[in-house]
Amino acid sequence: MTRDEFETATGVSRETAEGFDRWRELLVEANAHTNLVGRSTLEDFWERHALDSLQLLQLIPSDTRRIADLGAGAGFPGLALALAFRDRGMGVHVVMIDSVAKKTAFLNRVIAELGVDAEARAVRVEKMDPAEGFQVVTARAFAPLNKLLGFAAPLLKSGVVGLFFKGRHYRDELTEARKHWTFECEVIPSQTGDGVILRISEVQRVR
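If you're wondering where the values come from, they're calculated on a predicted model, not measured in any experiment.

(A) Seen up close, the side chain of His-93. Looking at where His-93 falls in the secondary structure, it is placed in strand β2 (residues 93-97). Only 2.7 Å separates the side chain of His-93 from the side chain of Glu-119, close enough to count as a polar contact. If we ignore the near neighbours within four places in the chain, the residues touching His-93 are Arg-65, Arg-66, Ile-67, Asp-117, Ala-118 and Glu-119.

Take a look at the structure:
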């Protein structure tokens, strides 16, 4: 997929597509010395990373104002969503969390250059305060579902939605997670591969 094809597929403005392209350039530069994403995947940035991330847009409630992106890495999906929110004038603040300071330093550099409504914090997920009032929690390639729910459960209080990317073995992860947690889950096929997005809510640890 090319930048023009991405622009057509998503309906983003030319300016926003240019923002994605600048992010891609900075990512290629930074990835040479900091492991942000697999180098081979950068050749398919537009579909594998950018388009893949933006499929979450249709799943985010319209009244959302704050999103927490766990294990943000290079910014997928958090930074991609922040660019799209600005493009659509949606007024959503994205907080990207990663325990690796080099990664959040990269993200904050991109945020500053692109001028999006977002921030990146070098903290552990379990240090996040549920009182910050997130309506949506996202994660992509962060942890197996059972472990991910252990991190995210304090943030997933009543009414909060988790949107988690998972690969083809998601059924095994669901089976394991349900030994330790109860939750509502909708399985949504990915538009860009053989994985899925799990829309999870009402998370409680099994007593």
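(B) Region of interest: empty space enclosed by the protein. Under the criterion given, the structure shown has one cavity of 30 Å³ or more. Space inside the largest cavity adds up to approximately 30 Å³. Lining of the largest cavity is provided by Val-125, Glu-126, Met-128, Phe-151, Pro-154 and Leu-155. Of the residues contributing to the lining of the largest cavity, the split by class is five nonpolar, no polar and one charged.

(C) Main features of the sheet that holds β2. Strand order in the open sheet formed by seven strands is β3-β2-β1-β4-β5-β7-β6, and the pairing between neighbours is mixed. Each having just a single partner strand, β3 (118-121) and β6 (181-189) make up the two edges of the open sheet. Averaged over all pairs of adjacent strands, the angle between strand axes in this sheet comes to 20 degrees, irrespective of strand direction. Note: strand β4 (residues 136-139) against strand β5 (residues 161-166), four bridges, orientation parallel.

(D) Spatial organisation of the packing of helix α6 (residues 145-152) against helix α7 (residues 170-177). Look at α6 against α7: their axes get within 8 Å of each other, and the N-to-C directions meet at 55 degrees. On the basis of the axis angle, α6 is oblique to α7. Where α6 abuts α7, its residues Leu-145, Asn-146 and Leu-149 lie against Glu-173, Leu-174, Glu-176 and Ala-177. A breakdown of the residues in the contact of α6 with α7 according to their chemical character gives four nonpolar, one polar and two charged.

(E) Representation of the nonpolar core in the model. The biggest cluster of nonpolar side chains holds 48 residues, and the ones touching the most others in it are Phe-20, Trp-23, Leu-27, Leu-54, Met-96 and Phe-106. Contributions of two or more residues to this core are made by α2 (14-31), α3 (45-54), α4 (78-88), β2, α5 (101-114), β3 and β5. In terms of residue count, the dominant contributor to this core is α4 (seven residues). In this structure Phe-20 touches Phe-6, Phe-45, Trp-46, Ala-50, Leu-54, Ala-80 and Leu-83, once residues within four positions along its chain are discounted. Core analysis: the second largest hydrophobic core is formed by 29 residues, Leu-70, Phe-134, Trp-181 and Leu-198 among them.

Criteria and cut-off values
Residues numbered from 1 in each chain as written. Predicted model: local features only at pLDDT ≥ 70, side-chain atom pairs only at ≥ 80, totals over all residues. Heavy atoms only, no water. Helix = DSSP H or I, 4+ residues; strand = E, 2+ residues; numbered from the N terminus. Polar contact = N/O pair within 3.5 Å; in protein donor to acceptor, adjacent residues only side chain to side chain. Contact = heavy atoms within 4.5 Å. 1 Å grid on protein atoms, 1.4 Å probe; cavity = no way out; pocket = protein on both sides within 12 Å on 5 of 7 lines; lining within 4 Å. Points joined across faces, edges and corners; volume = space filled by probe spheres on them. Nonpolar A, V, L, I, M, F, W, Y, C, P; charged D, E, K, R; others polar. Pairing = 2+ DSSP bridges. Axes fitted to C-alpha atoms, helices over the stretch in contact; angles between N-to-C directions. Parallel < 35°, antiparallel > 145°, perpendicular 65-115°, else oblique. Core = buried A, V, L, I, M, F, W, Y, C linked by side-chain atoms within 4.5 Å. Buried < 20%, exposed > 50% of the residue type's maximum accessible area, 1.4 Å probe, protein only.

By themselves, these are just geometric observations and shouldn't be taken as functional.
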